[in-house]
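# Summary of structural features
Chain residues, written in single-letter form:
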Amino acid sequence: MLTKILLLEDDLLFGESIVDVLEEEGFEVVLCRNGQIALDETYKNHFDLYLLDINVPLIDGLSLLKELRRANDRTPTIYLSSHQEIETLSQAFEIGADDYLKKPFNTDELLVRLHALLRRSKGKGRHCVGELCLDELHKCVLMEGKELSLSLKEYQLMALFIRNAGEIVTKEMIMDTLWNPSEMISDGAIRVYINRLKQEIGADLIVNIRGVGYRLVS
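First, a word on what this report is: a plain description of the structure on this page. Here the structure is a predicted model, which is why all the values come from computation and not from measurement.

Moving on: the pattern of salt bridges. Following the criterion strictly, the structure yields 11 salt bridges and no others. The shortest N-O distance in the salt bridge between E154 and R196 comes to 3.1 Å. Of this pair, E154 sits in helix 6 (residues 152–163) while R196 sits in helix 8 (residues 187–201), and the two are 42 residues apart along the sequence. If you follow the salt bridges from partner to partner, you end up with E9, D53 and K103 in one network.

Spelled out as structure tokens, the structure:
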């Protein structure tokens, strides 16, 4: 699966030149020319890296990352900007940037920094059981490299199973993970979510332990 990068850059010529460099390195790149489009793309896809300019239309790069971090999106991020004020630089790192490269820059330096950041983040927050992978960085679950379409509770339940692969996940553990203590939950409600996951990953991967709970086959 190709490493996917979101590039936020309103200068079309410059943006396309960066896309060309990255695609020659084997990356898949989505170029966005304003912050709103970039935000919408993060809802539709999960990315391995963000490259963000700061002065862009609609939503600036700093506000965009602040919004993403508030939503618990921890995707590694490098700012590419002509800003050199220490206040702007400090703000970028305070809201969660991982690196900062001042324009104009050498594309070889960009590639060095980009590869280094990807190496540091690779595997962080990722747990795999066979072809089933929990990506906690992007808050998704993948099966054979393809992202599963899961609701929030389905994701939370799948994450619970993957973290406890091969072990019994009790009904009490499921209730504590998916619902508030004050909520009254029936066994039927749990079965609805279990059956939904079985439809996504295959019925034979989640085994019913009668009267106790369930186990994800490792």
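Attention shifts here to the packing of aromatic side chains. The description of an aromatic ring pair rests on the distance of the ring centres and on the angle between the ring planes. One pass over the full model with this rule turns up four aromatic pairs. A ring pair is formed by F14 and F105, whose centres lie 5.9 Å apart and whose planes are at 75 degrees; its orientation type is edge-to-face. Of this pair, F14 sits in helix 1 (residues 12–24) while F105 is found in the loop between strand 5 (99–102) and helix 5 (107–121), placing the two residues 91 residues apart along the sequence. Measuring from centroid to centroid gives 6.5 Å for Y79 and Y100, while their planes differ by 50 degrees, and the two rings are tilted. Placement of Y79 in strand 4 (residues 77–81) and of Y100 in strand 5 is noted, with a sequence separation of 21 residues between them. In this structure, Y79 and Y100 share a single accessibility class: buried. Note that K4 overlies the ring of F47, its terminal NZ or CZ placed 5.5 Å from the centroid.

As judged from the four bridges shared by strand 6 (residues 126–129) and strand 7 (residues 132–135), these two strands associate in the antiparallel manner. What sits directly across from R126, in strand 7, is D135.

Bringing the side chain of E9 into the picture now. Relative to the helices and strands, E9 is located in the loop between strand 1 (4–8) and helix 1. Every residue in contact with E9, bar those within four places of it in the chain, is listed here: F14, G15, L31, C32, R33, D53 and K103.

Quick look at the nonpolar core now. Judged by nonpolar contacts, the single largest core of 24 residues is most densely connected at L132, M158, F161, I174 and L216. When contributions to this core are tallied by element, the ones reaching two or more residues are strand 7, strand 8 (140–143), helix 6, helix 7 (171–178), helix 8 and strand 12 (213–216). In terms of residue count, the dominant contributor to this core is helix 6 (seven residues). Those residues in contact with F161 that sit more than four places away from it in its chain are V169, I194, L197, I206, Y214, R215 and L216. In terms of nonpolar packing, the next biggest core, distinct from the first, is built from 21 residues, F47, Y50, L52 and L68 among them.

Looking now at the sheet that holds strand 11 (residues 206–209). Strand pairing in a sheet takes place through backbone hydrogen bonds and is either antiparallel or parallel in direction. Taken in spatial order, the three strands of this open sheet run 10-12-11, and their pairing is antiparallel. Unpaired on one side and paired on the other, strand 10 (168–170) and strand 11 mark the two borders of the sheet. Sheet twist, expressed as the average angle between the axes of neighbouring strands with direction ignored, equals 30 degrees. Alignment of strand 11 against strand 12, held across four bridges, turns out to be antiparallel. Note on strand 12: the bridge partner recorded for I206 is L216. Of the strands in this sheet, strand 10, strand 11 and strand 12 touch helix 6, which is tilted by about 65 degrees from strand 12.

Moving on: unusual backbone geometry. Here K103 and P104 are connected by a cis peptide whose omega angle stands at -10 degrees. Locating P104 in the fold gives a position in the loop between strand 5 and helix 5. Phi at E144 is positive, roughly 55 degrees, even though this residue is not glycine. Positionally, E144 belongs in the loop between strand 8 and strand 9 (146–147).

A word on the pairing of strand 1. By the criterion of burial, strand 1 is predominantly enclosed, with five of the five residues buried. Residues K4, L6 and L8 line one face of strand 1 and the alternating positions I5 and L7 line the opposite face, and both faces are buried. Pairing between strand 1 and strand 2 (residues 28–32): five bridges, direction parallel. Bridging across to strand 2, I5 finds its partner in V29. Taken together, the four bridges between strand 1 and strand 3 (residues 49–52) define a ladder with parallel strand orientation. When the sheet's bridge partners are listed, L8 is paired in strand 3 with L52.

The rules behind the values
Residues numbered from 1 in each chain as written. Predicted model: local features only at pLDDT ≥ 70, side-chain atom pairs only at ≥ 80, totals over all residues. Heavy atoms only, no water. Salt bridge = Lys/Arg side-chain N within 4 Å of Asp/Glu carboxyl O. Helix = DSSP H or I, 4+ residues; strand = E, 2+ residues; numbered from the N terminus. Phe/Tyr/Trp six-rings, centres within 6.5 Å; stacked < 30°, edge-to-face > 60°. Buried < 20%, exposed > 50% of the residue type's maximum accessible area, 1.4 Å probe, protein only. Lys NZ or Arg CZ within 6 Å of the ring centre and 35° of its normal. Pairing = 2+ DSSP bridges. Contact = heavy atoms within 4.5 Å. Core = buried A, V, L, I, M, F, W, Y, C linked by side-chain atoms within 4.5 Å. Axes fitted to C-alpha atoms, helices over the stretch in contact; angles between N-to-C directions.

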